[in-house]
Amino acid sequence: MSWFTQTLSGSVGKKLLMALTGLFLILFLVIHLAGNLQLLFNDGGKAFNIYATGMANNPLIKVVSYGNFFFILLHIVDGIILTMKNKAARNVRYHVATKDSKSSWASKNMALLGIITLVFIIAHLKGFWYEFKFGAIPFATYDGVEYKDVYQIVAATYAQPLFVAFYVVCMIFLGLHLSHGFSSAFQSMGLNHKKYTPFISKLGTLYSILIPLGFASIPIIMFLRG
């Protein structure tokens, strides 16, 4: 077994891998939100449809998308392995939290938050990515060019109050997951310093609020618009 494989198979290596894949996904969320905010343009979906089609047909974006799916799976698998190892290392089966505990609820339940986020991702991919790739989506024409009118699929989905509620609740859980994951990713990479850690922690808190809030605002606004 090579030194690289040995490193990744150890606890430190797995935490580092968890951190790197997590930071990649954190960056992806920013880019994904920037694209999705075009759904709120008052243009009947033109900007979003052109954006979605351009992204789907760009070879570089395709490679990044496949890489993103891989990193999501890697992040999940690595998280499960770390959780199992941590549980096996405990002397007692159950840990009773006390008022003196400094650990947040999110840090103690990252596995649960990760599972909820995974359920959301699967539902999200089924409802939008799968439909865009394989569904019978109508076309819209702009300046003589046809585009898949994926905006209509999104608008129809966000017209359902139960789905909007499901989406918002999942964003709350995502925010909790990010609130701990953001700062812990930097710590796992060894970037832990009394001068910079407070800033990273505050940045992580801000990120874990604004990004999920940005995503949640889209279905809410579209639903209220009718």
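Position labels on residues start from 1 in each chain and follow its written sequence. Local features are withheld for residues below a pLDDT of 70 in this predicted model, meaning they are given only at 70 or higher, and side-chain atom pairs are given and counted only at 80 or more; totals for whole chains, interfaces and linings count all residues. Water and hydrogen atoms play no part in the side-chain values, which are based on all heavy atoms of the structure.

Engineer: Run through helix α6 (residues 110–134), naming residues and quoting values.
Structural biologist: Where helices and strands are cited, they refer to DSSP runs of H or I of at least four residues and of E of at least two residues respectively, numbered from the N terminus. Given a helix with a known number of residues, its expected span is that number minus one, times 1.5 Å. The terminal C-alpha atoms of α6 lie 33 Å apart, and with 25 residues this matches the ideal 36 Å at 1.5 Å per residue to within 8%. Across the chain, bend at a residue is computed as the angle between axes fitted to the seven residues ending at that point and the seven starting from it. Bending of α6 peaks at approximately 40 degrees at the position of Leu 125. Here α6 has its buried residues at Met 110, Leu 113, Thr 117, Phe 120, His 124, Phe 128 and Phe 132. For each residue, the accessible area found with a 1.4 Å probe, counting protein chains only, is set against the maximum for its type, and the residue is called buried under 20%, exposed over 50%, and partly exposed in between.

Engineer: Describe a nonpolar patch on the surface, and please don't skip the residues or the numbers.
Structural biologist: Nonpolar side chains (Val, Leu, Ile, Met, Phe, Trp, Tyr) within 5 Å and like charges within 9 Å form the patches, drawn only from residues with over 30% relative accessible area and no salt bridge. We get accessible surface area from the Shrake-Rupley algorithm with a probe of 1.4 Å; when it comes to residues, only the shown protein chains can shield them. A side-chain nitrogen of Lys or Arg and a carboxyl oxygen of Asp or Glu constitute a salt bridge if their distance falls within 4 Å. On the surface, Phe 199, Leu 203, Leu 206, Ile 209, Leu 210 and Leu 213 cluster together into a nonpolar patch covering about 600 Å² of accessible area. By the element assignment, Leu 206 lies in helix α9 (residues 197–225).

Engineer: Describe unusual backbone geometry, with residues and values.
Structural biologist: Even without being a glycine, Asp 143 presents a positive backbone phi close to 55 degrees. Here Asp 143 shows up in the loop between β1 (139–142) and β2 (145–148). Its relative accessible area of 73% is what places Asp 143 among the exposed residues.

Engineer: Quick one: what's the story with the packing of aromatic side chains, residue by residue and with numbers?
Structural biologist: For Phe, Tyr and Trp, rings pair up if their centres lie within 6.5 Å, where Trp contributes its six-membered ring, and each pair is then called stacked (planes under 30 degrees apart), edge-to-face (over 60) or tilted (otherwise). By the definition in use, this model includes 13 aromatic pairs. Plain terms: the ring middles of Phe 120 and Phe 166 are 6.2 Å apart, the flat faces sit at 40 degrees to each other, and that makes the pair tilted. Note that Phe 120 is positioned in helix α6 and Phe 166 in helix α8 (residues 161–188), a separation of 46 residues in sequence. Here Phe 120 falls in the buried class, since its relative accessible area comes to 9%. By the ring-pair criterion, three or more aromatic residues cluster together here, those being Phe 120, Phe 128, Tyr 158, Phe 163, Phe 166 and Tyr 167. Placement of a positive charge over a ring is assigned whenever Lys NZ or Arg CZ falls within 6 Å of the ring centre and within 35 degrees of the normal to the ring plane. The ring of Phe 132 carries the charged tip of Lys 148 above its face, separated from the ring centre by 5.1 Å.

Engineer: Requested: an account of the packing of α6 against α8, with residues and values cited.
Structural biologist: One can describe the packing of α6 onto α8 by two numbers: an axis separation of 9 Å at closest approach and a directional angle of 135 degrees. With respect to α8, the axis of α6 lies oblique. Both α6 and α8 take part in a crossing whose hand is left-handed. Together, Met 110, Leu 113, Gly 114, Ile 116, Thr 117, Phe 120, Ala 123, His 124 and Phe 128 of α6 and Phe 163, Phe 166, Tyr 167, Cys 170, Met 171, Phe 173, Leu 174, Leu 176, His 177, His 180 and Gly 181 of α8 make up the contact between the two elements. Classification used: nonpolar for Ala, Val, Leu, Ile, Met, Phe, Trp, Tyr, Cys and Pro, charged for Asp, Glu, Lys and Arg, polar for all others including Gly. Per-class residue counts for the contact of α6 with α8 are 14 nonpolar, six polar and no charged. Lines fitted to C-alpha atoms define the axes, with helix axes restricted to the stretch in contact, and inter-axis angles between N-to-C directions lie between 0 and 180 degrees. Any angle that is under 35 degrees is reported as roughly parallel, and any over 145 degrees as roughly antiparallel; angles of 65 to 115 degrees are reported as roughly perpendicular and all others as oblique. In a left-handed crossing the near helix is turned counterclockwise from the far helix by less than a right angle, and in a right-handed crossing that turn is clockwise. Contacts are assigned to residue pairs with any non-hydrogen atoms lying within 4.5 Å of each other.

Engineer: If you had to explain the nonpolar core to someone new, which residues and values would you point to?
Structural biologist: Grouped together as the largest cluster of nonpolar side chains are 31 residues, with contacts concentrated most on Tyr 158 and Met 222. Listed by contribution, the elements that provide at least two residues to this core are α2 (11–36), α3 (46–57), α6, α7 (150–157), α8 and α9. The biggest single contributor to this core is α8, with eight residues. Excluding residues that lie within four positions of it along the chain, Met 222 makes contacts with Leu 39, Leu 40, Tyr 151, Val 154, Ala 155 and Tyr 158. By nonpolar core is meant a set of buried Ala, Val, Leu, Ile, Met, Phe, Trp, Tyr and Cys residues that side-chain atoms within 4.5 Å join together.

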